Amino acid sequence: MESKKEDKQYITISPRDFISGPYIKCPKCGKNAFGVLSVHATSYSRRCAECFFPTYQKGERWDCYGLPPLNKKVIYLDQFCISNIAKFLNPQIRPESKNEVSTFWELLFGKLDNLCKLQLIICPDSTSHKDESLLSNFYPSLKRIYQHFSHNVSFYDFESIRGLQILGCLRKTLGDKETQDLDVHCITHGVINAWQDRLLLTVNLKDPDDLIQALKNVREKSAIGLEGVFKRWQGEKDKRFSYWYEQELGGYAGTLPELYVKYIKDYMMISLGLAPFNLNKVLPNEGFSLFSDMEEEFKKYGIEVPEVNKKITEFLNSREFRMLPFNKISSLLYAGVARQAANGRRKLPTQGFSKDVEIISGLLPYCDAMFIDNECRNFLNEQPICNEINYSTKVFSLSNKDELLEYLESIGNSASKEHLQMIKEVYGEDWGKPYWEILKSKSQ
């Protein structure tokens, strides 16, 4: 009986495949084949595509050419921006006819792509990008877009950012003079001001269906919770903005002890066999993690239980805690919604409003610019919210989209001749051209 042989496909990779232009004269063979091998954070290396000069022995270092320091603008792109750019670029879902809005997404992608390649901006992605993209029918396209702009630079998850703000504030309260204020470099994975390599390597793993369902459940639960509060606000017509603001300022501090107690109860019930195992209940929640971290900080100063619990309560009720950036900004935004509800607004905020508040309150202090939806930007422009949020961050939405394009244009115009010449030296003449074909792969 004849056995059927399996067809096998092979890919041959040569060292030459990793060498690209721009090419210059090789110091050894004299041919115009001395190309760029790799780009690193502060340097790049060359190798000849013909004679492979320089050749390296084990233990030797690669010859590198130093690159000047960068100072990139950090711009956050909301999920709706990523979605609309993907819709415009993806041939399968691209609108058949152009209009003013689709032309804007075309212009925006072109400018963002150009400035990223010129090493003038970086648009870090966030956990929100992944979560929101997973709920979409074209997740691979969305992921391709936000990773293209972020180039493996990501913001920490929002719980971690809140924790860093809280613990930093606590250390200062305890008299630690070495604790520095957070900046964007403290809350991101990856190096913001690194020169980017030509290659961007990512891994596509299939996310479990139960994770996607859990994201949907959290979103729906958050929307239902906001709906209940919104109805209460509608009945508080005799209140002023300051009332809701004060209420919101104390809301997070009141939630943390509840989360702490809930985790202890759930863990004990599962440990004693009185409740079925649930991984989400076994893993520490935000309240338990923060209380544990705060306890450790107090113990460093010789404060032991039960005095620690009293000190934590005092800290949670302190003005320093209430005025933490994430708490202050989110409280102002929710107070803005409460004021509208009391003044006759009937339409509920969008289902993703709570997530938008989490994003803005967590990231606004650390970005040079943010592109968010109209509703959130309108709240940020209202009095007294705009006066209370005294950060230099530029905030854009579709309502002032032309100003965003002008802002990006100004960044491009700020590049020196020396910088642009270095871009050509490392990446070539055509490097800054937009990558319009980014989503034309069948896998996207």
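Whatever comes next refers back to the structure up there.
About the criteria used
Residues numbered from 1 in each chain as written. Predicted model: local features only at pLDDT ≥ 70, side-chain atom pairs only at ≥ 80, totals over all residues. Heavy atoms only, no water. Pairing = 2+ DSSP bridges. Helix = DSSP H or I, 4+ residues; strand = E, 2+ residues; numbered from the N terminus. Phe/Tyr/Trp six-rings, centres within 6.5 Å; stacked < 30°, edge-to-face > 60°. Lys NZ or Arg CZ within 6 Å of the ring centre and 35° of its normal. Axes fitted to C-alpha atoms, helices over the stretch in contact; angles between N-to-C directions. Contact = heavy atoms within 4.5 Å. Expected span 1.5 Å × (residues − 1). Buried < 20%, exposed > 50% of the residue type's maximum accessible area, 1.4 Å probe, protein only. Patch = residues over 30% accessible without salt bridge, like charges linked within 9 Å, V, L, I, M, F, W, Y side chains within 5 Å. Areas by Shrake-Rupley, 256 points an atom, 1.4 Å probe, with all protein chains shown as cover. Salt bridge = Lys/Arg side-chain N within 4 Å of Asp/Glu carboxyl O. Disulfide = S-S within 2.5 Å.

Caption draft 1: Fine view of the sheet that holds strand S10 (residues 394–396). One open sheet accounts for 4 strands, arranged S6-S5-S9-S10; its pairing is parallel. Strands with a single pairing partner mark the edges of an open sheet, and in this sheet they are strand S6 (121–122) and S10. When strand S5 (residues 73–77) meets S6, the two strands line up parallel, connected through 2 bridges. Paired with Val-74 across the bridge in S6 is Ile-122.

Caption draft 2: Geometry of the packing of aromatic side chains. Here the structure, examined in full by the defined rule, presents 24 aromatic pairs. For the ring pair Trp-195 and Tyr-427, a centre distance of 6.5 Å and an interplane angle of 15° mean the geometry is stacked. Taken together, the residues span a long stretch of sequence, with Trp-195 in the loop between strand S8 (188–189) and helix H6 (209–234) and Tyr-427 in helix H18 (residues 417–427) at a distance of 232 residues. The rings of Tyr-260, Tyr-263, Tyr-267, Phe-288 and Phe-291 are connected pair by pair, giving a single aromatic cluster. The aromatic ring of Tyr-243 is capped on one face by Lys-239, whose charged end is 4.6 Å from the ring centroid.

Caption draft 3: Region of the structure containing the sheet that holds strand S1 (residues 20–24). Spatial ordering of the open sheet is given by S1-S2-S3-S4, a layout of 4 strands whose pairing is antiparallel. Two strands lie at the open edges of the sheet, namely S1 and strand S4 (64–66), each paired on one side alone. Along the sheet, successive strands turn relative to each other by an average axial angle of 40°, direction set aside. Relative to strand S2 (residues 34–39), S1 is paired through 2 bridges, and the arrangement is antiparallel. From the neighbouring strand, Ile-24 faces S2, where its bridge partner is Phe-34. Each of S1, S2 and strand S3 (43–48) is contacted by H18, which is oriented at about 105° to S1, the strand it contacts most.

Caption draft 4: Structural view of helix H4 (residues 139–150). With 12 residues, H4 should reach 16 Å at 1.5 Å per residue; the first-to-last C-alpha distance of 16 Å fits that figure. Counting buried residues in H4 gives 10 out of 12 residues, a clear majority hidden from the surface. Tyr-139, Ser-141, Leu-142, Lys-143, Ile-145, Tyr-146, Gln-147, His-148, Phe-149 and Ser-150 are the residues of H4 that are buried. Two residues or fewer past H4, His-151 is found with a positive phi of approximately 50°.

Caption draft 5: Looking closely at a nonpolar patch on the surface. A cluster of nonpolar side chains, Ile-264, Tyr-267, Met-268, Met-269, Leu-272 and Leu-274, forms an exposed patch at the surface whose accessible area comes to about 580 Å². Considering the arrangement of structural elements, one finds Leu-274 in the loop between helix H8 (251–271) and helix H9 (279–282).

Caption draft 6: Expanded view of the pairing of S2. Along S2, 6 of the 6 residues are buried, which leaves the element largely enclosed by surrounding structure. The hairpin turn running from S2 into S3, its antiparallel successor, is 3 residues long.

Caption draft 7: Structural view of the state of the cysteines. For the coordinates displayed, the defined rule picks out 0 disulfides. With no disulfide of its own, Cys-29 lies closest to Cys-48 among cysteine sulfurs, the gap being 3.7 Å. Unpaired in terms of disulfides, Cys-116 finds its nearest cysteine sulfur in Cys-123, a separation of 4.6 Å.

Caption draft 8: Seen up close, the environment of Phe-379. Its location among the elements puts Phe-379 in helix H15 (residues 374–381). The spatial distance from the C-alpha of Phe-379 to the C-alpha of Leu-274 is 47 Å, given a sequence separation of 105 residues. If near-sequence neighbours (up to four positions away) are discounted, Phe-379 is found in contact with Leu-333, Gly-336, Val-337, Gln-340, Arg-345, Phe-353 and Ile-385.

Caption draft 9: Fine view of the pattern of salt bridges. In this structure the tally under the stated criterion is 18 salt bridges. The salt bridge involving Arg-219 is made with Glu-132; its shortest N-O contact spans 3.0 Å. Here Arg-219, found in helix H6, pairs with Glu-132, found in helix H3 (residues 127–134); they are 87 residues apart in sequence, far enough to count as distant. With relative accessibility at 27%, the residue Arg-219 sits in the partly exposed group. The shortest N-O distance in the salt bridge between Arg-232 and Glu-236 comes to 3.1 Å. We classify Glu-236 as buried; its relative accessible area is 11%. Via salt bridges that share partners, Arg-162, Glu-286, Lys-355 and Glu-358 belong to a single interconnected network.

Worth remembering: the numbers are spatial, not functional.
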